[in-house]
Amino acid sequence: DTWEGHLPRLLFFFALDRPIITRSEICQAFWPELDTDQAVNVFHVTKRRLHKALDMDVLVHDGGYYRVNPELAIHYDVMDFVGALMEGRDEENKNRVASWAKAIDIYRGPFLQGHTDSWIVDRRNDFRAGYLEALTEMAHVRLGEERLEHALGLFQRALAEDFSREKVHQDVMKLYAKMGRRSEAAAHYQRLVEEFKKEGREPSPDTSDVYKEIMS
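On a predicted model such as this, the values are computed, not experimentally measured, just so you know. (Residues numbered from 1 in each chain as written. Predicted model: local features only at pLDDT ≥ 70, side-chain atom pairs only at ≥ 80, totals over all residues. Heavy atoms only, no water.)

A.B. asks: A description of the overall build of the protein should follow, citing residues and the corresponding values.
C.D. replies: Helices and strands together make up the secondary structure of the protein, namely 10 helices and 2 strands. Listing every helix and strand of the protein by position from the N terminus yields α-α-α-β-β-α-α-α-α-α-α-α. Along the longest, intermediate and shortest principal axes, the C-alpha atoms of the protein span 70 × 45 × 25 Å. The buried share among the 216 residues of the protein stands at 39%. The long-range share in the protein, meaning contacts at least 24 apart out of those at least 6 apart in sequence, stands at 51%. Each charge sign in the protein was given a centre, from 30 positive and 38 negative side chains, and these centres are 3 Å apart. (Helix = DSSP H or I, 4+ residues; strand = E, 2+ residues; numbered from the N terminus. Buried < 20%, exposed > 50% of the residue type's maximum accessible area, 1.4 Å probe, protein only. Contact = heavy atoms within 4.5 Å. Lys, Arg positive; Asp, Glu negative; His and termini not counted. Charge placed at Lys NZ, Arg CZ, Asp CG, Glu CD.)

This is the structure in structure tokens:
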């Protein structure tokens, strides 16, 4: 593994998960397939490479624990994204809409695209789900404001990211009906049926019921 691949994980691991941690916990999290001696060796090699690349110690050791060097100025967009999501989910936050909008704006695509480590794939899926959550929450806000075209665009962005989201398909069909564009609702449903058929599946009864209700 390269230091470039470890740095994003290292920052995320410390900044969002745990501010201080032991060396053995780091080794278990990063190199669980290695025995203790091998993992410790790789840890120190990686630590030296990070030091050489950045010309400073990324980690500092204090009282048996490691933490990110407090002198290191860190701006990590993942931290900003997760922070915006947490603020958006806070029902007492008076600026929830701004938080959802911020999360949408920060997201730029799959996390560490091109890497297939299990921890990366897990985080990638989590962040993608958060992005979809932000899009749909913002869409419902716009619906409440009667900004229907804007809401439709947000729903469509969510489906472009994950076409399997049937609840979003239902929302899109209902919105088309609300806008008096029933033929587009029908076309949307037919496209959904065709795409699902390629995967050997059918829309759920709930989705079919929404379509039938609109058509009737």
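A.B. asks: Got a sec to walk through the pairing of strand β1 (residues 59-62)? Specific residues and values, please.
C.D. replies: Direction of pairing for β1 relative to strand β2 (residues 65-68): antiparallel, over a ladder of 4 bridges. Following the sheet pairing, His-61 is matched in β2 by Tyr-66. Hairpin connection from β1 to β2: 2 residues lie between these consecutive antiparallel strands, with Gly-63 at a positive phi of about 60°. (Pairing = 2+ DSSP bridges.)

A.B. asks: Could you give me a rundown of helix α5 (residues 96-106), with the residues and numbers involved?
C.D. replies: Taken residue by residue, α5 has Ser-99, Trp-100, Ala-103, Ile-104 and Ile-106 as its buried positions. Here the buried face of α5 lies against α4 (77-89), α6 (118-144) and α7 (148-161).

A.B. asks: Provide a residue-level description of the pattern of salt bridges, including the pertinent values.
C.D. replies: Taken as a whole and assessed by the stated rule, the structure comprises 13 salt bridges. In this structure, Glu-149 and Arg-181 form a salt bridge, with 2.8 Å as the shortest nitrogen-oxygen distance. Highlighted residues: Glu-149 in helix α7 and Arg-181 in the loop between α8 (166-178) and α9 (182-198), separated in sequence by 32 residues. Ionic pairing is found between Asp-171 and Lys-167, a salt bridge with its closest N-O pair at 2.9 Å. Here Asp-171 pairs with Lys-167, and both are found in helix α8, just 4 residues apart, close to one helical turn. (Salt bridge = Lys/Arg side-chain N within 4 Å of Asp/Glu carboxyl O.)

A.B. asks: Provide a residue-level description of a negative patch on the surface, including the pertinent values.
C.D. replies: On the surface, Glu-87, Asp-90, Glu-91 and Glu-92 cluster together into a patch of negative charge. Mapped onto the secondary structure, Glu-87 falls in helix α4. For Glu-87, a relative accessible area of 42% puts it in the partly exposed group. (Patch = residues over 30% accessible without salt bridge, like charges linked within 9 Å, V, L, I, M, F, W, Y side chains within 5 Å. Areas by Shrake-Rupley, 256 points an atom, 1.4 Å probe, with all protein chains shown as cover.)

A.B. asks: How would you summarise the nonpolar core if you had to cite specific residues and measurements?
C.D. replies: Grouped together as the largest cluster of nonpolar side chains are 42 residues, with contacts concentrated most on Phe-81, Ile-104, Phe-111, Phe-127, Val-172 and Met-173. Per-element accounting of this core gives the leading share, 9 residues, to α6. Setting aside residues up to four positions removed in sequence, Phe-111 forms contacts with Tyr-76, Val-78, Trp-119, Ile-120, Arg-123, Arg-124 and Phe-127. Judged by nonpolar contacts, the second largest core, of 14 residues, contains Ala-39, Leu-59, Tyr-66 and Leu-72. (Core = buried A, V, L, I, M, F, W, Y, C linked by side-chain atoms within 4.5 Å.)

A.B. asks: So, the packing of aromatic side chains: which residues are in play, and what are the values?
C.D. replies: Following the criterion strictly, the structure yields 6 aromatic pairs and no others. With a centroid separation of 6.1 Å and an interplanar angle of 85°, the aromatic rings of Phe-81 and Phe-127 are classed as edge-to-face. A residue pair is termed long-range when its members are at least 10 positions apart, and Phe-81 in helix α4 and Phe-127 in helix α6 qualify at 46 residues. The pair formed by Phe-81 and Phe-127 is uniform in burial state, with each residue classed as buried. With 5.1 Å between their ring centres and 90° between their planes, Phe-111 and Phe-127 make a pair best called edge-to-face. Taken together, the residues span a long stretch of sequence, with Phe-111 in the loop between α5 and α6 and Phe-127 in helix α6 at a distance of 16 residues. Overall, Phe-127 belongs to the buried group, its relative accessible area being 9%. For Arg-201, the ring lying beneath its charged end belongs to Phe-196, and the centroid distance is 3.8 Å. (Phe/Tyr/Trp six-rings, centres within 6.5 Å; stacked < 30°, edge-to-face > 60°. Lys NZ or Arg CZ within 6 Å of the ring centre and 35° of its normal.)

A.B. asks: Give me the lowdown on α7, citing residues and values where you can.
C.D. replies: Structurally, the α-helix is built with 3.6 residues per turn, so residues lying three or four positions apart point the same way. The end-to-end C-alpha separation of α7 is 20 Å, in line with the 20 Å expected for 14 residues at 1.5 Å each. Burial in α7 covers these residues: Leu-148, Ala-151, Leu-152, Leu-154, Phe-155, Ala-158 and Leu-159. Relative to the axis of α7, the buried residues are bounded by an arc of 160° and lie together on one face. For α7, exposure combined with an orientation more than 90 degrees from the buried face picks out Glu-149 and Ala-160. (Expected span 1.5 Å × (residues − 1). Arc of directions from axis to C-beta.)

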